[in-house]
Amino acid sequence: QVHYTAHKTLQTYMTQEEDWDRDLLLDPAWEKQQRKTFTAWCNSHLRKAGTQIENIEEDFRNGLKLMLLLEVISGERLPKPDKGKMRFHKIANVNKALDFICSKGVKLVSIGAEEIVDGNVKMTLGMIWTIILRFAIQDISTSAKEGLLLWCQRKTAPYRNVNVQNFHISWKDGLALCALIHRHRPDLIDYSKLRKDDPVGNLNTAFEVAEKFLDIPKMLDAEDIVNTPKPDEKAIMTYVSCFYHAFAGAEQAETAANRICKVLAVNQENEKLMEEYEKLASELLEWIRRTIPWLENRVAEQTMRAMQQKLEDFRDYRRVHKPPRVQEKCQLEINFNTLQTKLRLSNRPAFMPSEGKMVSDIANAWKGLEQVEKGYEEWLLTEIRRLERLDHLAEKFKQKCAMHESWTGGKEELLSQKDYESASLMEIRALMRKHEAFESDLAAHQDRVEQIAAIAQELNELDYHDAATVNARCQGICDQWDNLGTLTQKRRDSLERVEKLWETIDQLYLEFAKRAAPFNNWMDGAMEDLQDMFIVHSIEEIQSLITAHDQFKATLPEADKERMATIGIHNEILKIAQTYGIKLSGINPYTNLSPQDIGTKWDTVKHLVPLRDQMLQEEVARQQANERLRRQFAAQANIIGPWIQTKMEEISHVSVDIAGSLEEQMNSLKQYEQNIINYKSNIDKLEGDHQLSQESLIFDNKHTNYTMEHVRVGWEQLLTTIARTINEVENQILTRDAKGISQEQLNEFRASFNHFDRVRHPNPKTNSSCLLQKRNGMMDPDDFRACLISMGYDLGEVEFARIMTLVDPNNTGVVTFQAFIDFMTRETAETDTAEQVMASFKILASDKSYITVDELRRELPPDQAEYCISRMTRYVGPDAAPGALDYISFSSALYGESDL
């Protein structure tokens, strides 16, 4: 599209140059008008460079002012001109100007540097006209003349006695120029006082106002225009283009002011950041200067309390005073980097802080502070450790002695007891285990005694002031420790001698416990299994439980033998105790189980076995009843499921069939609907069987792939499909009748849709998609695009995306037949839109967001103007003028997009 626009622009210039060649023999009146107009136009630009021309064919001969003119109007620099006065210097300068014009895409036909240097007035005027076309008029439109003419027509359309159709006789009475000025600056001209029969007065009024208030020089003569049957078109276009640029310049001035304000705001913000940096840097450096001497003071205190206070002061400095300064330093670096970035982005020079306040200076000062701070903390800790060591050793000695004395209290009396003389075997064993634990504890405390002796030795080496008390206490602990060792060994010997007397009975107790525990666990497991609740869902599962129960009953004789052997061990213990007169406590130390416990559980197991047999047989009967319900449900479901699927496919084929008319399709669909309604009794019967299955807690059925939920969903989809299909046919009938679409057109639309109504399935052999000719009532986007192309549409990506938003507004990825019919109906009927009406009102309102009553009455017939005035709401935007009306909401309301 860009290439096409450039090509059309070049063709326009070529056409204009060819027109100039045909007009080389200018009418004397036209030549006079062009000389004056072109001279004034050139001077309006040259005065910006502080110069002007008097004679247009003479003053451009050396090429210097011509190059200067091109630099002013283009804003670009041309090659440096030759300063010589020879003919070839002048030709070289003119050629540089002509080359620059050609570089802007302008083809110069029959215009050479020699003709300009020789003062050829026709060629000079042709060259100036080419420059005006390129730099003054082409800005309005790529088709310069048509664009400027359209702008003039649009701006003067509301004015009486003005009908701009060209750039010659349409401007002779001066009203068109006055209308242009009044349209943009109504304060400069009272258009109502102008008369069509006073063309000279009108023209001079426009010339004077434009020169005085719009800075547009007087380029034309009123008498020449009025007295010439057909004024020069190029002179008029040149003068009118100045009005276009004058009125377009107001926005540029506002943009320039905004740019200045933005630059000043950036500068002020940068200066504020600089001041903040200097202030923060000064404060931080001053704090560092005051803090370093305090940290360098290493005079030690004489007491532990004083040194601890120094440490507390330092910690307060680290917790309270330093963190804010760390934050300030970080913020300072951030501010500096942010400031430099802003300066660089706004093309300002980099910020250079005052001497000694650079980021590197602050970093060096901070580094020195941290070095002094680290040494200060190490010195404090060393001094505190030195004073703390003696106090710590003395306190540690007292603490360990107290703990040891607390542990040894009463131990000598305990070791001297003879409680084992009247104890039973279990009590003796317990005493032995207890004594072994005490020996382990005694060995563990050996390390503490050694630590006490080591601390006492270190206190002596450090000349502790109360070393005598420490030595006496240490000696007492060591003597007591030796005595405990002697008593411990003596008690062990006594316990071992008594223990051997009870080993035989103890061994029997242990054997009973080893056999009773597994047997008891087996009985517990058997009772748990016999009373276990079970849930089965098939005859196979319950049969598996019966088999397992039979296997359990086969193990009962062997279990009874194990029970009798375990009871025999207990009887042997009773016999030994009676023989040797041993008093038994009646409690087995290795188990809480007794022969009575085993006998009771064995009776319980024998009682539960027949109860389990009865429960299993009852479950067999229930599962057989459930199997009959499964088969009954499956028999019906296997018929209903395929029937629903078949009806869905038949309805789908009817909806896309083009064999008959829409009314015939409707009748066929109604018959399908009645058949479906009549089939409802089968669904109800299946629901009843499903209810019986649920009441019997049947949740699976291997005899069918259809569940009740599948059938329900299929039935609901069938009802929905037949209702939707009937509705679609009804809508097609309404569309056909409302839009005047013939049956032949609908058949053509349906035939195109059916042709592309395909379903893509993957090809497992080629790992790609293949097309299966299967109608499903919808197309994917690729098939829809192919369908439109087959019907003669020339689609680009943007246009196709727009159409997809119309036919698939919910972005489902498919196009239904009804959506396709709606789209084709809209395409074949002429419609207008709210956006088109808004655009028309915007033209009448001169591109404003509102329109006035006067503008409506001026542009519309009286009855339609009054209709709009009575229904338009008041415009409430920030740019609202008195009596402004809102044509945007009015246009939306016309199409039902809002309320009137």
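Everything quoted here is computed from the prediction, not taken from an experiment. (Residues numbered from 1 in each chain as written. Predicted model: local features only at pLDDT ≥ 70, side-chain atom pairs only at ≥ 80, totals over all residues. Heavy atoms only, no water.)

Peer 1: I'd like a rundown of the nonpolar core, residues and numbers included.
Peer 2: Within the largest apolar cluster, 77 residues are counted, with the highest numbers of intra-cluster contacts made by Trp-41, Ile-131 and Trp-171. Sorting elements by how many residues they give to this core places helix α7 (residues 121-137) first, with 11 residues. Ignoring sequence-local partners within four residues, the contact set of Trp-171 consists of Cys-152, Val-164, Asn-166, Ala-176, Leu-177, Leu-180, Leu-203, Ile-225, Ile-236 and Val-240. Counting 44 residues, the second largest nonpolar core, distinct from the first, contains Phe-749, Leu-788, Val-815 and Ala-819. (Core = buried A, V, L, I, M, F, W, Y, C linked by side-chain atoms within 4.5 Å. Buried < 20%, exposed > 50% of the residue type's maximum accessible area, 1.4 Å probe, protein only. Helix = DSSP H or I, 4+ residues; strand = E, 2+ residues; numbered from the N terminus. Contact = heavy atoms within 4.5 Å.)

Peer 1: Break down the pattern of salt bridges for me, with residues and values.
Peer 2: In total, this model carries 50 salt bridges according to the counting rule given. Where Glu-58 meets Arg-61, a salt bridge forms, and the shortest distance between an N and an O atom there is 3.1 Å. Overall, Glu-58 belongs to the partly exposed group, its relative accessible area being 39%. For Glu-312, the salt bridge goes to Arg-319, with nearest N and O atoms at 3.2 Å. Connected through shared salt-bridge partners, Glu-31, Arg-35, Glu-57 and Lys-122 make up one network. (Salt bridge = Lys/Arg side-chain N within 4 Å of Asp/Glu carboxyl O.)

Peer 1: Now, about the packing of helix α26 (residues 743-756) against helix α27 (residues 781-790): what can you tell me, with residues and values included?
Peer 2: Relative orientation of the contacting elements α26 and α27 amounts to 140 degrees, with a least axis distance of 9 Å. Of the possible angle classes, the one that applies to α26 and α27 is oblique. Considering how the two elements wind past one another, α26 and α27 form a crossing that is right-handed. Residues Ser-752, Phe-753 and Phe-756 of α26 pack against Asp-783, Ala-786, Cys-787 and Ser-790 of α27. (Axes fitted to C-alpha atoms, helices over the stretch in contact; angles between N-to-C directions. Parallel < 35°, antiparallel > 145°, perpendicular 65-115°, else oblique. Left-handed = near helix turned anticlockwise from the far one by under 90°.)

Peer 1: Help me get a handle on the side chain of Gln-636, residues and values and all.
Peer 2: Residue placement: Gln-636 occurs in helix α22 (residues 595-656). Given the relative accessible area of 15%, Gln-636 is considered buried. Not counting residues up to four positions away in its chain, the partners in contact with Gln-636 are Asn-682, Lys-685, Leu-686 and Asp-689.

Peer 1: Tell me what's going on with the packing of aromatic side chains, and back it up with residues and numbers.
Peer 2: Evaluated as defined, the whole model comprises 29 aromatic pairs. On the basis of an interplanar angle of 5 degrees and a centroid distance of 6.0 Å, the ring pair of Trp-407 and Phe-438 is categorised as stacked. Taken as a pair, Trp-407 in helix α14 (residues 359-408) and Phe-438 in helix α16 (residues 425-444) lie far apart in primary sequence, 31 residues in all. You'll find Trp-407 and Phe-438 in the same group, each marked buried. Members of the aromatic cluster, connected to one another through ring pairs, are Trp-287, Trp-294, Phe-314, Tyr-317, Trp-366, Tyr-376 and Trp-379. The aromatic ring of Trp-407 is capped on one face by Lys-411, whose charged end is 4.9 Å from the ring centroid. Note that Arg-785 overlies the ring of Phe-800, its terminal NZ or CZ placed 4.2 Å from the centroid. (Phe/Tyr/Trp six-rings, centres within 6.5 Å; stacked < 30°, edge-to-face > 60°. Lys NZ or Arg CZ within 6 Å of the ring centre and 35° of its normal.)

Peer 1: Please give an account of unusual backbone geometry that cites residues and values.
Peer 2: Positive phi values are uncommon outside glycine, yet Asn-811 reaches one of about 60 degrees. Counting through the fold element by element, Asn-811 comes out in the loop between α28 (797-807) and β4 (815-816). The exposed category is assigned to Asn-811, whose relative accessible area is 68%. For Asp-847, which is not glycine, the phi torsion reads 70 degrees and is therefore positive. Its relative accessible area of 45% is what places Asp-847 among the partly exposed residues.

Peer 1: Break down the environment of Arg-612 for me, citing the residues and quoting the values.
Peer 2: Considering the arrangement of structural elements, one finds Arg-612 in helix α22. Here Arg-612 falls in the buried class, since its relative accessible area comes to 8%. Considering only alpha carbons, one finds Arg-612 and Asp-532, 80 residues apart in sequence, at a separation of 9.2 Å. For Arg-612, the contacting residues outside a window of four places in its chain are Asp-529, Leu-530, Gln-531, Asp-532, Phe-534 and His-549. For Arg-612, the side chain forms a polar contact with the main-chain oxygen of Asp-529, separated by 3.5 Å. (Polar contact = N/O pair within 3.5 Å; in protein donor to acceptor, adjacent residues only side chain to side chain.)

Peer 1: For the confidence of the model for the protein chain, give the residues involved together with the corresponding values.
Peer 2: Of all residues in the protein chain, 88% have pLDDT values of 70 or greater, and the mean over the chain is 81. Per-residue pLDDT stays below 50 along residues 1-25; that stretch engages in 29 contacts with residues further than four places along the chain or on separate chains. In the model, residues 764-774 has pLDDT below 50 throughout and makes 23 contacts with residues more than four positions away in sequence or in other chains. (pLDDT = per-residue confidence, 0-100.)

Peer 1: Before we move on, can you summarise the side chain of Lys-647 with the specific residues and values?
Peer 2: Position of Lys-647 among the secondary structure elements: in helix α22. Residue class for Lys-647 comes out buried when judged on its relative accessible area of 16%. Among residues more than four places away in sequence, those in contact with Lys-647 are Tyr-672 and Leu-718.

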